[in-house]
Amino acid sequence: GSEGLSPFADAFSYARRKARALKIGPFALGGSQLVRVVGAVPAGSTAESLLSWFEAQLKKANNCEPEILEWTVGSGAELQKLRAAREGLSGETSRLGFFGRFANDALAREGLAFVDAVGIDGEPSLELLKDIAARGIPFVVEAESAEIAARREARAREFGVFSLLTLRAPGDAT
């Protein structure tokens, strides 16, 4: 069976490996920082609907509201919704980080001004990596294998871009 494969003695005993902290908006992740709350933004969300959602979360979760909004952008129309929401939430941005997950390089380059961390499907262009470096934000590398993730991270590092690596589960399309 798989019972003996866990690296942890039980669900409450574990050790963290050393990692360098990175920032997404006002929040640090990694290093000695606590776990952060990331909320995926439903398609079609507006600043007003997000504020209502935050209020509901505050009431339900004893002040454990989402800190980082994960925004998936697959079209120009979705990019405009991100821009409008970011502008509409400008008074809340000291309490929020925005992670943009873009369908392609062109959308990512156009949307960099509205996010605090960026990820794209596939290989980033040299131009995108230069733009990310100029913004000074982290690049979220999502890959199907450790080999691909390591290659993309090394390429980003050539431009001084700090990366957060994550592996997709087999069959995961996001």
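Details of the structure are given in the entry above.
What counts, and where the lines are drawn
Residues numbered from 1 in each chain as written. Predicted model: local features only at pLDDT ≥ 70, side-chain atom pairs only at ≥ 80, totals over all residues. Heavy atoms only, no water. Helix = DSSP H or I, 4+ residues; strand = E, 2+ residues; numbered from the N terminus. Polar contact = N/O pair within 3.5 Å; in protein donor to acceptor, adjacent residues only side chain to side chain. Contact = heavy atoms within 4.5 Å. Core = buried A, V, L, I, M, F, W, Y, C linked by side-chain atoms within 4.5 Å. Buried < 20%, exposed > 50% of the residue type's maximum accessible area, 1.4 Å probe, protein only. Pairing = 2+ DSSP bridges. Right-handed = clockwise from strand over helix to strand, strands pointing away. Salt bridge = Lys/Arg side-chain N within 4 Å of Asp/Glu carboxyl O. 1 Å grid on protein atoms, 1.4 Å probe; cavity = no way out; pocket = protein on both sides within 12 Å on 5 of 7 lines; lining within 4 Å. Points joined across faces, edges and corners; volume = space filled by probe spheres on them. Nonpolar A, V, L, I, M, F, W, Y, C, P; charged D, E, K, R; others polar.

(A) Just the side chain of Glu 142, in detail. Mapped onto the fold, Glu 142 is located in strand β7 (residues 139-143). At 2.4 Å, the side chain of Glu 142 and the side chain of Arg 101 are in polar contact. Not counting chain neighbours up to four residues away, the residues in contact with Glu 142 comprise Arg 101, Arg 152, Thr 166 and Arg 168.

(B) Inspection of the nonpolar core at higher detail. One finds Leu 82, Phe 102, Val 118, Ile 132 and Phe 139 to be the most contacted residues of the largest nonpolar core, which totals 32 residues. In this structure, Ile 24, Leu 29, Phe 99 and Ala 117 belong to the second largest nonpolar core, which totals seven residues.

(C) How the structure looks around the pairing of strand β8 (residues 163-167). Across five bridges, β7 lies against β8 in parallel orientation. Each bridged residue has a counterpart across the sheet, and for Val 140 the counterpart in β8 is Leu 164. Handedness of the β-α-β unit built from β7, helix α5 (residues 146-157) and β8 comes out right-handed.

(D) Expanded view of the pattern of salt bridges. Scanning the entire structure with this criterion turns up nine salt bridges. When the shortest N-O distance is used, the salt bridge between Asp 131 and Arg 109 registers 2.7 Å. Taken as a pair, Asp 131 in helix α4 (residues 126-135) and Arg 109 in helix α3 (residues 105-111) lie far apart in primary sequence, 22 residues in all. The class for Asp 131 is partly exposed, based on a relative accessible area of 26%. Ionic pairing is found between Glu 123 and Arg 151, a salt bridge with its closest N-O pair at 2.8 Å. Taken together, the positions of Glu 123 in the loop between β6 (117-120) and α4 and Arg 151 in helix α5 put the pair 28 residues apart, joining distant regions of the chain.

(E) Expanded view of the layout of surface pockets. In this model, the second largest pocket occupies a volume close to 190 Å³. Forming the walls of the second largest pocket are 12 residues, and the residues nearest its centre are Glu 70, Phe 99, Val 140, Leu 164 and Thr 166. Counting residues per element, the ones that place at least two in the lining of the second largest pocket are β4 (68-73), β5 (97-102), β7 and β8. Among the elements that take part in the lining of the second largest pocket, β8 stands out by supplying three residues, more than any other. Its residues assigned to classes, the lining of the second largest pocket comprises eight nonpolar, one polar and three charged.

These results come straight from atomic positions and should not be treated as a statement about function.
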